[in-house]
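Coordinates in review
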Amino acid sequence: MNQLGGIWQIKVDGEPSQRGFFDCDIPAGESGEITIDYRKPRIDSKTECLLEVSFVLKDDLNWAPKGHEVAWEQFPVPADFYFVQDIENENQIKAVEDDRFIRIEGVDFSYSIDKNTGQFVTLEYNNSEYLESGPEFKIWRAPLANDIDEWGANMYARSNQTPGLGRSIDNKIRTLGMRNLVPEVEELELIQVHDDEVTLKMDVFANSTLDPARRKDQWFMYSAFEQKQIWKFKADGTIELEQEIIPHGPMPDVLPKVGLQFQLPKSFNHVQWYGRGPFENYPDRKTGAKVGLYQSTADSMYVPYIIPQDYGNRSDVRWLKVQNENEQGLLIQGDQLLNFSLHKYATNNLSRAMYTYQLEEAPNTILNVDYEVSGVGGTAIRQLQKYRVRPDVKKYTLMIKPF
């Protein structure tokens, strides 16, 4: 008796556009062909089209009700694309520079950037502040339980470790002074490209905080990450960041992640995203999470692990929106698939706490937008090689648009 029924959906950027059913009367252990009669969609060239196939129970059983999903898969499908021509923006933009700050100003916005750190001081849109500080370059995440345990430590060399603190991943980062990197602008060039575009080129170093006295017995090169940045500001307030990340000096075998951290106003605690979900997933724990359109809050995304640690990552994210109840917020999109998490606890608090009662809500909402994230690993074993972030050269582009 065939207990399963088939359901198919065509989804465009996570939104269903076609749906149907099919029979799957194929004996166990055998294979067969099934025809799904869908119409080839015509969609915007900037969108994505997926075919989602599900197998569900036809009847109630003692272990699950009728309609319970037993298995699913998603496939990219060809589509007819049309191109939407960008509307020319008649607004103008200007750049103002003094000894300390660069100010980018348009009709609806005013942005200020610190020339010493390269970070935003203000990101004001329609007379409202959208950013408390950042975005700050980060490789540190609050260590996972698998990061602080010495499972699989025999696979790691003993170099770059602090005696007495074990051979865990997080110890290597601390030993090299790379937990809290210090940003410093080396070079800067401001260019008024057109009346409706300004370009800011910066060479920023995220430097180790290592005390030289700790290595006074030997020559030692500081660890640092060079960020070659090209910021493009549009007259409608859109920000584009092209970033190349180059590691310098001693590096650990594995980086917890590579990305940016935004300190947002506390009210920016709602998030919508198109990527894997709805539940928490990491690069080596994601194939059970469907690509779809989801929404949540900073409170709902918290995972109360026994030992406080990094939590709530979502993988393969195409775009995300973080906003307040008045629908003011930021749209962030990458040229490659991203990871993100929205936290109500500061990374430092999660890193230092051993018990949940030691956690205190931060005054801001913390948004992590990561180019790469190391996997979780398993009991008594590190992450597999393919799920480890390596300290090599990385290059990607982000679009940040206030709305």
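The rules we used
- Residues numbered from 1 in each chain as written.
- Predicted model: local features only at pLDDT ≥ 70, side-chain atom pairs only at ≥ 80, totals over all residues.
- Heavy atoms only, no water.
- Helix = DSSP H or I, 4+ residues; strand = E, 2+ residues; numbered from the N terminus.
- Buried < 20%, exposed > 50% of the residue type's maximum accessible area, 1.4 Å probe, protein only.
- Areas by Shrake-Rupley, 256 points an atom, 1.4 Å probe, with all protein chains shown as cover.
- Lys, Arg positive; Asp, Glu negative; His and termini not counted.
- Charge placed at Lys NZ, Arg CZ, Asp CG, Glu CD.
- Phe/Tyr/Trp six-rings, centres within 6.5 Å; stacked < 30°, edge-to-face > 60°.
- Lys NZ or Arg CZ within 6 Å of the ring centre and 35° of its normal.
- Salt bridge = Lys/Arg side-chain N within 4 Å of Asp/Glu carboxyl O.
- 1 Å grid on protein atoms, 1.4 Å probe; cavity = no way out; pocket = protein on both sides within 12 Å on 5 of 7 lines; lining within 4 Å.
- Points joined across faces, edges and corners; volume = space filled by probe spheres on them.
- Pairing = 2+ DSSP bridges.
- Axes fitted to C-alpha atoms, helices over the stretch in contact; angles between N-to-C directions.
- Nonpolar A, V, L, I, M, F, W, Y, C, P; charged D, E, K, R; others polar.
- Contact = heavy atoms within 4.5 Å.
- pLDDT = per-residue confidence, 0-100.
- Polar contact = N/O pair within 3.5 Å; in protein donor to acceptor, adjacent residues only side chain to side chain.

A word on the overall build of the chain
- Each helix and strand counted, the chain has three helices and 23 strands in total.
- Taken along the three principal axes of its C-alpha coordinates, the chain extends 75 × 60 × 35 Å.
- The buried share among the 403 residues of the chain stands at 50%.
- Accessible surface, the chain: about 20,500 Å² in total, of which carbon and sulfur atoms supply 48%.
- One finds the centroid of the 44 positive side-chain charges in the chain at a distance of 6 Å from the centroid of its 61 negative side-chain charges.

Let's talk about the packing of aromatic side chains
- This model, assessed by the stated rule, comprises 17 aromatic pairs.
- Relative to F120, the ring of Y111 has its centre 6.3 Å away and its plane inclined at 70 degrees; by these criteria the two rings are edge-to-face. The pair formed by Y111 and F120 is uniform in burial state, with each residue classed as buried.
- What links up through ring pairs into an aromatic cluster is the set F109, Y111, F120, W231 and F233.
- Here R318 stacks its cationic end above the ring of Y274, 5.5 Å away from the centre of that ring.
- Its end group placed over the ring of F403, K321 keeps NZ or CZ at 5.7 Å from the ring centre.

Some details on the pattern of salt bridges
- Under the defined criterion, the tally for this structure stands at 27 salt bridges.
- Between R100 and D114 there is a salt bridge whose closest N-O contact spans 2.9 Å. Here R100, found in the loop between β7 (94–97) and β8 (101–105), pairs with D114, found in strand β9 (residues 109–114); they are 14 residues apart in sequence, far enough to count as distant.
- Here E136 ties to K138 by a salt bridge, and the two come within 3.9 Å at their closest N and O atoms.
- A residue is classified by how much of its surface remains accessible, and E136, at 23% relative accessible area, is partly exposed.
- K138 gets classed as buried once you look at its relative accessible area, which sits at 10%.

Observations regarding unusual backbone geometry
- In this structure, P135 follows G134 across a cis peptide bond, with omega equal to -10 degrees.
- The backbone of N126 shows a phi angle near 50 degrees, a positive value even though the residue is not glycine.
- Note that N126 resides in the loop between β10 (120–125) and β11 (128–129).

A short note on the layout of surface pockets
- If you add up the space inside the second largest pocket, you get close to 280 Å³.
- Forming the walls of the second largest pocket are 15 residues, and the residues nearest its centre are P283, K286, N339, Y371 and E372.
- When contributions to the lining of the second largest pocket are tallied by element, the ones reaching two or more residues are β20 (314–323), β21 (329–343) and β22 (365–373).
- Looking at the lining of the second largest pocket, the element that brings in the most residues is β21, giving four residues.

Looking at the sheet that holds strand β1 (residues 4–12)
- With antiparallel pairing, four strands are arranged side by side in an open sheet as β2-β1-β4-β5. Two strands in the sheet have a free side with no partner beyond their single neighbour: β2 (15–22) and β5 (69–76). Neighbour-to-neighbour, the strand axes of this sheet turn through a mean angle of 20 degrees, independent of strand direction.
- Where β1 lies against β2, seven bridges are found, and the strand directions are antiparallel. Bridging from a neighbouring strand, G6 pairs with F22 of β2.

A few points about empty space enclosed by the protein
- The full count for this structure, using the stated rule, is five cavities of 30 Å³ or more.
- Its boundaries defined by the atoms lining it, the largest cavity holds a volume of some 150 Å³.
- Around the largest cavity, the lining is made up of 16 residues, and of these Q119, P135, F137, Q227 and Q229 lie nearest the centre.
- Residue assignment for the lining of the largest cavity shows that the elements contributing at least two residues are β12 (133–138), β14 (197–207) and β15 (224–234).
- By residue class, the composition of the lining of the largest cavity is ten nonpolar, five polar and one charged.

Points about the environment of F268
- With respect to the element layout, F268 can be found in the loop between β17 (257–264) and β18 (270–277).
- In this structure, the C-alpha to C-alpha distance between F268 and F55, residues 213 residues apart in sequence, is 38 Å.
- Contacts of F268, omitting those with residues within four sequence positions, involve E129, Y130, V322, Q323, N324, Q328, G329 and T365.

Here we look at the confidence of the model for the chain
- Confidence in the prediction for the chain averages 90 pLDDT; 91% of positions are at 70 or higher.
- Confidence over residues 213–219 falls short of pLDDT 50; this stretch has seven contacts with residues more than four positions distant or in other chains.

As for the environment of N180
- Considering the arrangement of structural elements, one finds N180 in the loop between α2 (169–175) and β13 (182–194).
- N180 sits 43 residues away from F137 along the chain, and the two C-alpha atoms are 9.5 Å apart.
- Leaving out residues up to four positions away in the same chain, N180 has contacts with K138, N207 and T209.

What to know about the side chain of Q74
- Checked against the element boundaries, Q74 lands in strand β5.
- Residue Q74 is classed as buried on the basis of its relative accessible area of 14%.
- A distance of 2.9 Å separates the side chain of Q74 from the side chain of E52, its partner in a polar contact.
- At 2.8 Å, the side chain of Q74 forms a polar contact with the backbone oxygen of V291.

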